[in-house]
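# Chain and residue survey
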Amino acid sequence: MTKPAAPADATTSTHTPARHLTDRRCGLPPEPSTAHPVTSPTRPDAGCPDTGHSDTLLSSPHAGRPGAFPADPTRRPYNSPAAAATRPASSPRHPTSGRQLTELLAELPIRPELPLMVHAALSGTGLSPTRVRDALLGVLGPRGTLVVPAFTPENSDGSRAHRALVAHLSAAEAEEFRASMPPFEPDATPCPSMGALAECVRTTPGAVRSDHPQTSLAAIGPRAGELLGGHDPRCHLGERSPLARLYAADAQVLLLRVGFEVCSAFHLAEYRMNPRPPQRLYRCVVGDKGNWITYEDLTLDDGDFAEAGARLPDELLVRRRWAGKAVTLFGMRAAVDDVRDQLSRYRLRNDVK
């Protein structure tokens, strides 16, 4: 196994560039211990790596059998004429919802010069993820960078997502499945549990994805490589992850029809708690099929994120509604700092499950 990259200083601009989706590499870690069922109808784009979401672009026809993840076709840069000619057109079937989204995004104080991290639930909106992606890129403009979580809890035998895949198998079949589990590949491994928008962004020509085998992020835009490069495979969402760089870049976070319980940015607050949560062992497949390794990282727990978000001062948040559900925009720095202080006050040293 390749030795992990040395930790990067999250406050500097010298980062190992993240690879575009045409460059392939293997590697993968697993999930935190507290999580949510794979088919949870209310938790798209959840913050904890060990989660599952019902609002998926694909539930992966390959899921549940060994060799689950086929390589994606060669992609052209998103803005190239050739890519534009083959890119699916935005769906014309729900003009009212689409117009409302465009008006909503124009009204929100989204700053195009800052990265925008988005968690979204699109079920019930009538809009395709392609159309929502394009609306977000439209409001960001050429300077903006769109970021989404692209977690892959399926590639960890400790995650609920993985246990769901083997639940119907005998012990021998489950062991065979483990032995043939494919490693994570940034340009090929889907993120079916993270929602339709995340999978859409991940598969967009020219998109960049970070290297962490379980808690990767995907992005489109001029700062994608800078923000997502050098993701330490033994640091899920801490100082050696893109979250620290997004914090340093004063990123904004948009919760589009989802709540704070899915806010991945709050995991950075966990790494900055005093006292820090304990560490735990994670297992994952890296390099080759069935090559399971074990490593240590922070014990992550998103079980109180909704409560922490509810305690955020109103002046930090811009609230709206779209398609019957809440929409919240906020600056990542102020929110993470506030949640860090909250968790440090009311989480006991031994209460992280």
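## Remarks on the confidence of the model for the chain
Averaged over every residue, the pLDDT of the chain is 78; the share at 70 or more is 71%. The low-confidence segment residues 1-17, where pLDDT is below 50, has 27 contacts with residues more than four positions distant or belonging to other chains. For the stretch residues 19-47, pLDDT sits under 50, and the model shows 143 contacts to residues farther than four places along the chain or on other chains.

## Regarding the pairing of strand 1 (residues 116-120)
The two faces of a sheet get side chains in turn, since along a regular strand they alternate between them. Within strand 1, five of the five residues are buried, which leaves it mostly tucked inside the rest of the structure. Judged by which residues are buried, strand 1 turns out to be covered on both faces: Leu116, Val118 and Ala120 on one side and Met117 and His119 on the other are all buried. As defined by bridge partners, strand 1 adjoins strand 2 (residues 146-149) across two bridges and the pair is classed as parallel. In the strand pairing of strand 2, Met117 is matched with Val147. Read from strand 1 through helix 3 (residues 129-140) to strand 2, the crossover connection turns out right-handed.

## Quick word on the environment of Thr189
With respect to the helices and strands, the residue Thr189 is situated in the loop between helix 5 (171-179) and helix 6 (196-202). When the C-alpha positions of Thr189 and Phe151 are compared, they lie 9.9 Å apart, and in sequence the two are 38 residues distant. Polar side-chain contacts of Thr189 include one of 2.8 Å to the backbone nitrogen of Glu185.

## Digging into the packing of aromatic side chains
For the structure shown, the criterion picks out five aromatic pairs. Ring centres 5.7 Å apart and planes at 40° place the aromatic pair Phe260 and Phe330 in the tilted group. Placement of the pair is Phe260 in the loop between strand 5 (252-256) and helix 9 (266-271) and Phe330 in strand 9 (residues 325-331), with a sequence separation of 70 residues. When its relative accessible area of 2% is taken as the criterion, Phe330 is described as buried. Between the NZ or CZ atom of Arg178 and the centre of the ring of Trp292, over which it lies, the distance is 4.3 Å. The ring of Tyr247 has Arg272 sitting right over it, with the charged end atom 4.3 Å from the ring centre.

## Regarding unusual backbone geometry
Here the residue pair Asn274 and Pro275 is connected by a cis peptide bond, since its omega of 5° sits within 30 degrees of zero. Tracing the backbone shows Pro275 in the loop between helix 9 and strand 6 (279-285). Of note, the phi angle at Asp250 is positive, near 60°, even though the residue is not glycine. If you trace the backbone, Asp250 turns up in the loop between helix 8 (242-248) and strand 5.

## What about the pattern of salt bridges?
Evaluated as defined, the whole model comprises 17 salt bridges. Residue Asp250 pairs with Arg333 through a salt bridge whose shortest N-O separation is 4.0 Å. Here Asp250, found in the loop between helix 8 and strand 5, pairs with Arg333, found in helix 11 (residues 332-346); they are 83 residues apart in sequence, far enough to count as distant. For Arg333, a relative accessible area of 34% puts it in the partly exposed group. Through salt bridges with shared partners, a single ionic network connects Asp157, Glu175, Arg178 and Arg283.

## A few points about helix 3
Here helix 3 is 12 residues long and its end C-alpha atoms lie 16 Å apart, about the 16 Å a rise of 1.5 Å per residue gives. Of all the 12 residues making up helix 3, nine are buried; the element is thus mostly covered by neighbouring parts of the structure. Taken from the residues just after helix 3, Gly141 is the one with a positive phi, measuring 75°.

## Comments concerning the sheet that holds strand 4 (residues 217-220)
As summarised here, the arrangement of the seven strands in space is 3-4-2-1-5-9-8, forming an open sheet in which the pairing is mixed. Here the strands that pair on one side only, and so sit at the sheet edges, are strand 3 (208-209) and strand 8 (317-322). The pairing of strand 2 with strand 4 spans four bridges and is classified as antiparallel. By the bridge assignment for strand 4, Val148 is matched with Ala218. Where helix 3 meets the sheet, its contacts fall on strand 1, strand 2, strand 4, strand 5 and strand 8, and the angle it forms with strand 2 comes to roughly 140°.

## Notes on the nonpolar core
Counting 78 residues, the largest nonpolar core has Leu254 and Met332 as its most contacted members. Residues in contact with Met332, not counting those within four places in the same chain, are Leu243, Leu246, Tyr247, Ala251, Gln252, Val253, Ala265 and Leu268. By size, the runner-up hydrophobic cluster in this structure holds seven residues, among which are Leu165, Val166, Ala174 and Trp292.

Reading the values: rules and limits
- Residue numbers restart at each chain and count upward from 1, following the sequence in its written direction.
- Local features are withheld for residues below a pLDDT of 70 in this predicted model, meaning they are given only at 70 or higher, and side-chain atom pairs are given and counted only at 80 or more; totals for whole chains, interfaces and linings count all residues.
- Computation of side-chain values: all heavy atoms of the structure, hydrogens and water removed.
- pLDDT: the predictor's confidence for each residue, scored from 0 to 100.
- Throughout, a residue-residue contact means that at least one pair of heavy atoms, one from each residue, lies within 4.5 Å.
- Burial classes: relative accessible area under 20% of the type maximum marks a residue as buried, over 50% as exposed, and values in between as partly exposed (1.4 Å probe, protein chains only).
- Helix and strand assignments come from DSSP, with helices taken as H or I runs of at least 4 residues and strands as E runs of at least 2, each series counted from the N terminus.
- Any two strands are treated as partners once DSSP identifies two or more bridges connecting them.
- Look down the strands so they point away from you; if the path from the first strand over the helix to the second goes clockwise, the crossover is right-handed.
- Definition of a polar contact: a pair of N or O atoms within 3.5 Å, with one able to donate and the other able to accept a hydrogen when the atoms are protein atoms, and with sequence-neighbouring residues admitted only if both atoms are side-chain atoms.
- Classification of ring pairs uses Phe, Tyr and Trp, with its six-membered ring standing for Trp, and accepts pairs whose centres are within 6.5 Å; under 30 degrees between planes counts as stacked, over 60 as edge-to-face, and the remaining range as tilted.
- Our definition puts a charge over a ring when NZ of Lys or CZ of Arg is within 6 Å of the ring centre and also within 35 degrees of the ring normal.
- For this document, the term salt bridge refers to a Lys or Arg side-chain nitrogen within 4 Å of an Asp or Glu carboxyl oxygen.
- Here a helix's expected span is defined as the number of its residues, less one, multiplied by 1.5 Å.
- Lines fitted to C-alpha atoms define the axes here, with helix axes fitted over just the stretch in contact, and angles between the N-to-C directions of these axes take values from 0 to 180 degrees.
- For this analysis, a nonpolar core means a set of buried residues of the types Ala, Val, Leu, Ile, Met, Phe, Trp, Tyr and Cys, connected via side-chain atoms within 4.5 Å.

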